[in-house]
Amino acid sequence: MILGAILPNNSGDKRTTLHPDSIKPILDMGIDISFESGLCKGINLEDSVLENLGAKATDRQDCIRSSDILFSTSPLGAGEIKIMKKDSFFIGLMDPFTSKAQFEGFSQRGNSAVSMEFIPRITRAQKMDVLSSQSNLAGYVAVIESAKELNLALPMMMTAAGTLKPANIFVIGVGVAGLQAIATAKRLGAKVEAFDTREVVEEQVKSLGAKFVKIDLGATEETTQGYAKELTSEQIQKQKMLQKEVCVRSDIVITTAQIFGRPAPSIIDKETIESMKPGSVIFDMAVESGGNVEGSKINQIVNHKGVKIMGLSNLPSFAANHASFALSNNLINFVLEFYNQEQGNLEVNFEDEIVKSALLVNKGKITNEVFK
Amino acid sequence: MILGAILPNNSGDKRTTLHPDSIKPILDMGIDISFESGLCKGINLEDSVLENLGAKATDRQDCIRSSDILFSTSPLGAGEIKIMKKDSFFIGLMDPFTSKAQFEGFSQRGNSAVSMEFIPRITRAQKMDVLSSQSNLAGYVAVIESAKELNLALPMMMTAAGTLKPANIFVIGVGVAGLQAIATAKRLGAKVEAFDTREVVEEQVKSLGAKFVKIDLGATEETTQGYAKELTSEQIQKQKMLQKEVCVRSDIVITTAQIFGRPAPSIIDKETIESMKPGSVIFDMAVESGGNVEGSKINQIVNHKGVKIMGLSNLPSFAANHASFALSNNLINFVLEFYNQEQGNLEVNFEDEIVKSALLVNKGKITNEVFK
Amino acid sequence: MFSIGSFQEVAYIFSAILFIYGLKMLSREDSAPAGNLVSSIGMLLAVIVSLIEVVNPILVLSAMLIGGLIGSLFAIRVKMTSIPEMVALFNGFGGLSSYLLAWSELQSLNSVNIITLIGALTIFIGGLTFSGSLIAFFKLSEYLKSTPSFLNSLSKYLLVICLVYLGLFSSYILLQSFGISPSFLPNFELSFFIFLVVSVFAGLVFVLPIGGGDMPVVISLLNSLSGIAAALAGIVLSNTALIVAGCLVGASGLVLTLIMAKSMNRDLYNIFFVGYKSSSSSRGEVDGEIRPISSEDAYLILESASSVLVVPGYGMAVAQAQHVVKELGDLLQENSCEVSFGIHPVAGRMPGHMNVLLAEANVSYDDLFEPKDLNPKMSTIDVVLVIGANDVVNPSATEEPGSPIYGMPILEVHKSKTVIVLKRSMSSGFAGVQNPLFFKENSRMLFGDAKETISKLVSEFKD
Amino acid sequence: MFSIGSFQEVAYIFSAILFIYGLKMLSREDSAPAGNLVSSIGMLLAVIVSLIEVVNPILVLSAMLIGGLIGSLFAIRVKMTSIPEMVALFNGFGGLSSYLLAWSELQSLNSVNIITLIGALTIFIGGLTFSGSLIAFFKLSEYLKSTPSFLNSLSKYLLVICLVYLGLFSSYILLQSFGISPSFLPNFELSFFIFLVVSVFAGLVFVLPIGGGDMPVVISLLNSLSGIAAALAGIVLSNTALIVAGCLVGASGLVLTLIMAKSMNRDLYNIFFVGYKSSSSSRGEVDGEIRPISSEDAYLILESASSVLVVPGYGMAVAQAQHVVKELGDLLQENSCEVSFGIHPVAGRMPGHMNVLLAEANVSYDDLFEPKDLNPKMSTIDVVLVIGANDVVNPSATEEPGSPIYGMPILEVHKSKTVIVLKRSMSSGFAGVQNPLFFKENSRMLFGDAKETISKLVSEFKD
Amino acid sequence: MMEIYLLLFFILVLSIFLGLELISKIPSTLHTPLMSGANAISGITLVGALSLGTEGTLQTVLAFFAVLFASINVFGGYLVTNRMLRMFRKK
Amino acid sequence: MMEIYLLLFFILVLSIFLGLELISKIPSTLHTPLMSGANAISGITLVGALSLGTEGTLQTVLAFFAVLFASINVFGGYLVTNRMLRMFRKK
Ligand SMILES: NC(=O)c1ccc[n+]([C@@H]2O[C@H](COP(=O)([O-])OP(=O)(O)OC[C@H]3O[C@@H](n4cnc5c(N)ncnc54)[C@H](OP(=O)(O)O)[C@@H]3O)[C@@H](O)[C@H]2O)c1
Ligand SMILES: NC(=O)c1ccc[n+]([C@@H]2O[C@H](COP(=O)([O-])OP(=O)(O)OC[C@H]3O[C@@H](n4cnc5c(N)ncnc54)[C@H](OP(=O)(O)O)[C@@H]3O)[C@@H](O)[C@H]2O)c1
Ligand SMILES: NC(=O)c1ccc[n+]([C@@H]2O[C@H](COP(=O)([O-])OP(=O)(O)OC[C@H]3O[C@@H](n4cnc5c(N)ncnc54)[C@H](O)[C@@H]3O)[C@@H](O)[C@H]2O)c1
Ligand SMILES: NC(=O)c1ccc[n+]([C@@H]2O[C@H](COP(=O)([O-])OP(=O)(O)OC[C@H]3O[C@@H](n4cnc5c(N)ncnc54)[C@H](O)[C@@H]3O)[C@@H](O)[C@H]2O)c1
């Protein structure tokens, strides 16, 4: 049995799916590892580091061709799916809502595909939850990057040259990323406020010592997985209005509002932006799924009348080493959970909630209603 | 009496010497303010903000020509000194060790010049101490910038996807900037170690919860102002050697070692750099005065075998708003201290320790031995 | 088999137990009202069993009725604000009762012996309590305002004379009990009469010179004395109820007195012997003496303060005391005290040093104030807690033009009511200059590592 | 004027004062050695004044000499590790002495009255103390290992029989003192002799069934009893020294017994009546019952623990208790206890939630451990303090395949010796499932907001 | 006779120690109520006053006033303490 | 006679209360020394035993052993407590 890992086809992504610190359990299981040469260059490591542990460097084609399990942080191209080994598994970030072409490829080849985005949010699956592990780092990165762009220091300093006021930071959307953003901003000494449509979040915000902004939007809902449901357009309108005054007093606004499988809601409009202090920073963490902020552009810092709107993508990659470590742990935990050492294969048990949810293609059969 | 302020001739410097939040006491004294148009554009403010407070925008030439006191963050060119008003004062950052030409200019014109770098380190003068107020912010910026460049998150996180180890940060040279760097890194959750040749610093390092690295270099000295004296070359050699093992275990090394009025000591050499983990970051805060790190270049991030050597200059300008606020408070505090409201002029009292130290040129006479 | 006497004795044992529980309960907030009830039941029991063999029931009952009526009326009618003087008055009556009791008993004794001596002591303490309490009552209700100062110093000598007479009379009794009739006093009747007067006079001259502000402590002391008088009367009458109840009040009253004095940051010596001096307006004389204080005493001062300003300095950083400081602040706030933090711009060793530490300890930014906000209202602050700060609270920066730190704006904590300075020694701060603050009359030095000291204060607060 | 009797009495008063101070000093670490000295001086004083009017000096002095020699030899020779049994033995001799004393006194009384009754009580308690202490001595020195269980249940009944005989004999005496001669017991001499035997037998059957681990508590209780025996003997002999010293020991010994029982997390009822059951190896039966505990008791458990693991969860974050947790950890460490923190990867509500908070409170990274490091050595840990964690310590994750959290690795705190769980109610955590940990026999629930609860623990530690 | 006095003295000493141990820390709000409550207890002289003889006029007068004043102390003391404590409870 | 017993009883009651108040918190290291120290005090029976009459043989024997055992308790108790406490001090 061979586990292979290839580089992402997006060169901006520095993460690797096989971090040298996490592959030992796989090798211990008797699984061979082959990887695309240069796999770890994003985290400044040579092939030799993995090779010394017992993995084998190959070229990309070979790797895809020979692997029974293939790790990747980006979907495969149609040509690449064609050369996959028969009965092999693709495991990784499939970005299934935007890269629909791959489903056709898999069903033609009769291969299986696991989308780590669909790992269910149940206790047992937390160790495989890629979205959580990556959002977590993204939340940290968002604060460091906005702190860098802001022309103020975040903490309060009472000095002989006057009192430097602490920066006000407003975090909209308090999922995993939002919480880590709050924690990081608090650590740096900023005054932090936060808002989310889900009410349970209030206690969590307070548990980090930050202030929760109460905005009454009427009934809001949550899925069983803890994801937020979409708001009605009146609710969004109300939210925008009431949020504005908090934005005005904030030096940094970080938005993370996302709805799983849907475009992100637009919750900050031009009017709000223009009412903010010149020099302020808005960090749109939802920019990849459509953006929470009017005018935010992927991988750009837009300067709108003195307000910087940051739309950086793939934030975890900014802390690529830690992100890779977490990511490869997640993927490897998945494999270890379902690997049958005696038979030397992955055991697909459709009773299992995790398999049911994340295995989008089973031997060529698309199992998830949404993508049929 | 007119107080004027001009833009720095270095366009990278976004700081302003007249922050709108600090000029009120000057206007209350009955001093008029005229400023070079665009003075606050570095901190995203229009001329109108200052004008609304009662200051007057002019062009650069006019401003220099008409001011009795001229604020600037950079030395004047020879041509500009020539057009200064007679008997007027230049007050600001003169960079006296590198810009020696200006002395000639001042002595020819018979004007006076105050170098804020020479404000003595006595209790009473702390409110004018530009070096302190700016180094302080520089220390903060250095950590934020290196955190951004590092491919790890600084804090420890024990998560379902594995334990992310905290970053190790080593601060060499614990003056004002070093202390703030330690404080900021500690806040972000890093493991911080620090070293300085001055022994008194150990207690201060511990007072921030960080660890002091003991390296015995034999007798080291301190000036009455609290500045370090230069080490002998054997001492430097010893320091380098003993420091190396700390560097090797560190993810970020921040060097701030400076000796007032002398080039910074080179304390990190190629050998040490090459022994560090690839992906590590070295931040050379002394790069402008010669650099503590072999191979560091001003305003560049040099990648030496996977180690990033950061040589950013004018760090306070990265938090330009706060830096300007502190800077203009410092300058204004100087003026307020020596301004005689009845006579409407600055009172030069050579008995005063501050004047004695910072007034480098008095009515064309160079008073400081070093620059004669 | 049981005589009335033994029956009474058993009842007294029970009422003693009730008094013990009552007092114990009175010293805790939640049980205090019940405690008063318990102790009153003890009293009821003791009185009822004593009524059994009263000699002259009509006389006694009518006296009790009248007394009870007067007492109850006073207690119910009195305005809440006048309660302290009412307590003083009641206490005086208690002392008077012991006085009369011992007088009557001595009158009926047929020989002079050691019991006579104890009776005389009872009279002296009872009389002193009575007149002292009356004075306290008048002072508190402001019938009596200030005493002319010549009287004050006179009182001292008069008190000594009273005590001398007490000594003379006691030795007179002792000698008589051994059968010797000394001649340094006139015959027993006359000496005894003089003694009766002197006893009352002693209370007068004892309390008169003491300032009004110290009255609560004085009343508490007199209360303790009235307990002792009752206990002594108990010996004279061989009555255990009096002995036990009196001693309990005497001893616990003494403890209470000490606690009260400390919480007002006064010591008893000061109150009673230089009272009139320091209770007059205290001007800031520098006298070159420092006043160390224990953490228990500091706790008592903080416990009764209604506004506290915390001024941290480099010492807090060295001690890494920020977390306990925050905790102390929270406890003070729970104790309905207003707490603020005074941050001097150059406290510590780097700009914003205090901010980093206090933020780490989760002290809200809204509780931090700069000198310019605090200095104008400094005189209204009850207690300033200076935690390892030195230069930034050094008044020579504003007062002594020659000082190396002259000209630096400081936190003018010396203008507050009380300053408690936490540091390890008398050594100077960064600037290396001595700090006159430490020698001011309203300053107390609490020596020790700041973290340890504050931990102690915190634990005092939590019981 | 002074008789020898009054001279002795005065001396006794002094020695009582010395005992009071001695005991008080013995309960504080710094003054304990001095306290023992003070109390021994009290003893010396009492003994010397009693020697004055001894009837048969030679007999008495030789007995004292021999006794003193034996006692001193034992005390000096004994190995440090055997001290507890030595204390038990000495205590037994004290009880025996009271027993003999009362016996002798009853022998010489010429009428039967209430004093006879008190004498009988002295004999019973003295005898019980003696034999009970002997058994304790044998158990501790491991001459006597386990008692067969049939004996254990038998003892219970035998003890009841002893007590019934005590009752019978007491009523017999009471009736006789009123002149009635009851027939339910044989003549006085014989009944008395039986009583002497029964008294000794009572101690035997009382202590035999109690497990060896509970012996320290038993010895402390017997110590308190020997004090009471001395006090009763004091009444019989009308000797105040015995009364006061005996009562002091009796009452303070009782307090000490309760404190010791709590610090071993046992209650007295358990020790004495179901002792043999729970002192046998405790297997983890889930019995659907929770055991709430007060913060004082939790303090006593922590105070005597030598390794503590703190497991924080979301509840610590909600309560913002991180700073007090750190403080508690520091205090435990000062108390020479090893403290570590167990951080579960998903504790809290975001990755690294606990890390943020503990870093803020300055808990060193080196003290944080992951489940995989801790689980193997869990059984060696004395006390686990679970602070607002729930799901992450839920054993059903490993034990109940049906559970929604089945499969998650947990911190297996239920395998440690004692678990104290701090939460506000019995409500469930994030996953919404009940936690069998709370019902385990080694778990105690400490209800309340985590910050407040820990603050209480902290203040207990600081006195 | 002597012996009884000595026992009384013993009782006195023990009570003093008990009194000293009884109170160790009091919140400042309870200072006055505790003082007042203790003061009421010191009205125990009433019990002594009740047993006074009333042979001569002087003695009668003394006894009368001793009882009178002690009663004021007892009744007034307990009531006023109670009023104070009730007030705290409301807060 | 009766009265003296009552006074003795009073003393007993007061001593009990005093004993209960005396100790409130003890570090666990002091549990055993305190127990042992208190145990030594309970050897006060020695004082009682000294006053026993020695009329008959039985009485003589009883008195002898009462003194003997009480002495063991007193001497042994104080010495062993002292040894324990010395050990702590060294730490
Ligand atoms: N903020 C800045 O940017 C900066 C930079 C450089 C210099 N400075 C200077 O530093 C000074 C700051 O004033 P400051 O009042 O904060 O400090 P300070 O004047 O240096 O005094 C600190 C005091 O703390 C006490 N202390 C030290 N360790 C302690 C401990 N563990 N527990 C209790 N007390 C302890 C010391 O007294 P004991 O030894 O008796 O305990 C000392 O007197 C000013 O003079 C300022 O000019 C400030
Ligand atoms: N770490 C992550 O990334 C993450 C993210 C999302 C979800 N989760 C889930 O969150 C859970 C974390 O487990 P956990 O053990 O930390 O927490 P938990 O299972 O949610 O339990 C927290 C407990 O704290 C108690 N509590 C709340 N407030 C308290 C207070 N003020 N004082 C004292 N106790 C208080 C609650 O009981 P009372 O109400 O009775 O006081 C509750 O049982 C896991 O199920 C995990 O899967 C984790
Ligand atoms: N196994 C588990 O138990 C587990 C694992 C990971 C996360 N979770 C929980 O799942 C939840 C979602 O986390 P996530 O990070 O994936 O969320 P997400 O990235 O899908 O969304 C981010 C946040 O945006 C919020 N949001 C949506 N619309 C908004 C609007 N209009 N205004 C403001 N906010 C809006 C959402 O409520 C959510 O909190 C969290 O509560 C998290 O704790 C649970
Ligand atoms: N008024 C005042 O009282 C006042 C105001 C500001 C600063 N200060 C004090 O002045 C001192 C200097 O501060 P600064 O920031 O201006 O210093 P700086 O910028 O001149 O130097 C930075 C640090 O580098 C250190 N250094 C020099 N050579 C080194 C070597 N070979 N290896 C390691 N470290 C080396 C120095 O000791 C110094 O601590 C500090 O102690 C500061 O607290 C006092």
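Residues numbered from 1 in each chain as written. Chains lettered and ligands numbered in written order. Predicted model: local features only at pLDDT ≥ 70, side-chain atom pairs only at ≥ 80, totals over all residues. Heavy atoms only, no water.

(A) Layout of the overall build of chain C. The helix and strand inventory of chain C stands at 18 helices and six strands. Taking the principal axes of the C-alpha coordinates as reference, chain C spans close to 85 × 50 × 40 Å. By the burial criterion, 60% of the 463 residues in chain C qualify as buried. Of the roughly 18000 Å² that chain C leaves accessible, carbon and sulfur atoms contribute 63%. Both charge centroids of chain C, one from 25 positive and one from 35 negative side chains, sit 5 Å from each other. (Helix = DSSP H or I, 4+ residues; strand = E, 2+ residues; numbered from the N terminus. Buried < 20%, exposed > 50% of the residue type's maximum accessible area, 1.4 Å probe, protein only. Areas by Shrake-Rupley, 256 points an atom, 1.4 Å probe, with all protein chains shown as cover. Lys, Arg positive; Asp, Glu negative; His and termini not counted. Charge placed at Lys NZ, Arg CZ, Asp CG, Glu CD.)

(B) Representation of the overall build of chain E in the model. For chain E, the count of helices and strands is four helices and zero strands. Counting from the amino terminus, chain E carries its helices and strands in the arrangement α-α-α-α. Here the C-alpha radius of gyration of chain E, 17 Å, is well above what a compact globule of 91 residues would show, namely 12 Å. Each principal axis of the C-alpha atoms in chain E carries an extent, and together these give about 55 × 35 × 10 Å. Taking all 91 residues of chain E together, the buried fraction comes to 67%. Residue pairs in contact within chain E that sit at least 24 positions apart in sequence constitute 68% of those at least 6 positions apart. Total accessible area on chain E is roughly 3000 Å²; 66% of this is exposed by carbon and sulfur atoms. (Rg over C-alpha atoms; globule rule 2.2 N^0.38 Å. Contact = heavy atoms within 4.5 Å.)

(C) Up close: the sheet that holds strand β5 (residues 418–423) of chain D. All names here are of chain D. With parallel pairing, six strands are arranged side by side in an open sheet as β3-β2-β1-β4-β5-β6. Of all the strands in the sheet, the pair left with one neighbour each is β3 (368–369) and β6 (443–447). With two bridges joining them, strand β2 (residues 338–342) and β3 adopt parallel strand pairing. Residue Phe 341 lies in a different strand from β3, and its bridge partner there is Leu 368. The sheet strands contacting helix α12 (residues 295–303) are β1 (307–312), β4 (383–387), β5 and β6, and the helix crosses β4 at an angle near 135 degrees. (Pairing = 2+ DSSP bridges. Axes fitted to C-alpha atoms, helices over the stretch in contact; angles between N-to-C directions.)

(D) Just the interface of chain D and chain E, in detail. Taken together, the contact pairs 13 residues of chain D with nine residues of chain E. Of all residues in chain D, the largest losses of buried area upon contact with chain E belong to Glu 9, Ile 13 and Ile 20 of chain D, amounting jointly to 41% of the total for that side. Linking chain D with chain E are one salt bridge, by the criterion used here. Lys 24 of chain D is paired through a salt bridge with Glu 21 of chain E; the nearest N and O atoms lie 3.0 Å apart. Counting the contacts that link chain D with chain E gives one residue pair in polar contact (both at pLDDT 80 or more). Within the residue set of the side of chain D that touches chain E, elements represented by two or more residues are α1 (4–26) and α9 (240–263) of chain D. The element contributing the most residues to the side of chain D that touches chain E is α1 of chain D, with ten residues. Its residues placed into classes, the side of chain D that touches chain E shows nine nonpolar, two polar and two charged. (Buried area = accessible area lost by both parts, 1.4 Å probe. Salt bridge = Lys/Arg side-chain N within 4 Å of Asp/Glu carboxyl O. Polar contact = N/O pair within 3.5 Å; in protein donor to acceptor, adjacent residues only side chain to side chain. Nonpolar A, V, L, I, M, F, W, Y, C, P; charged D, E, K, R; others polar.)

(E) Here's a closer look at the pattern of salt bridges. Taken as a whole, this structure holds 60 salt bridges over all chains when the rule is applied. Here Glu 271 of chain B makes a salt bridge to Lys 244 of chain B, at a shortest N to O gap of 2.7 Å. Taken as a pair, Glu 271 of chain B in helix α10 (residues 270–275) and Lys 244 of chain B in helix α9 (residues 233–248) lie far apart in primary sequence, 27 residues in all. A relative accessible area of 51% means that Glu 271 of chain B is categorised as exposed. For Lys 244 of chain B, a relative accessible area of 25% corresponds to the partly exposed category. Ionic pairing is found between Arg 28 of chain C and Asp 30 of chain C, a salt bridge with its closest N-O pair at 2.8 Å. Each of Arg 124, Lys 127, Glu 337 and Asp 352 of chain A takes part in a single network of salt bridges with overlapping partners.

(F) Structural context of the packing of helix α6 (residues 130–149) of chain B against helix α11 (residues 320–338) of chain B. Residue and element names in this part refer to chain B. Interhelical geometry of α6 versus α11 gives an angle of 170 degrees and a closest axis separation of 9 Å. Accordingly, the angle class assigned to the pair α6 and α11 is roughly antiparallel. In this structure, α6 uses Val 130, Ser 133, Gln 134 and Leu 137 to contact α11, whose residues at the interface are His 322, Ala 323, Ala 326, Leu 327 and Asn 330. Class assignment for the residues of the contact of α6 with α11 results in five nonpolar, four polar and no charged. (Parallel < 35°, antiparallel > 145°, perpendicular 65-115°, else oblique.)

(G) Local environment of the site of ligand 2. Looking at ligand 2, there are 28 residues lining it, with Asn 390, Asp 391, Arg 424, Ser 425 and Asp 449 of chain D nearest. Near ligand 2, residues from chains A and D are present, making the site a shared one. In this structure, a nitrogen atom belonging to ligand 2 sits 3.0 Å away from a main-chain N or O atom of Val 346 of chain D. One of the backbone N or O atoms of Ala 450 of chain D is found 2.8 Å from a nitrogen atom in ligand 2. Contact with the protein chains removes 93% of the 910 Å² of surface that ligand 2 exposes when unbound. When contributions to the shell around ligand 2 are tallied by element, the ones reaching two or more residues are α13 (314–319) and β5 of chain D. Here the shell around ligand 2 gets four residues from one element, more than from any other, and that element is α13 of chain D. Considering only residue class, the shell around ligand 2 consists of twelve nonpolar, eleven polar and five charged. (Near = heavy atom within 4 Å.)

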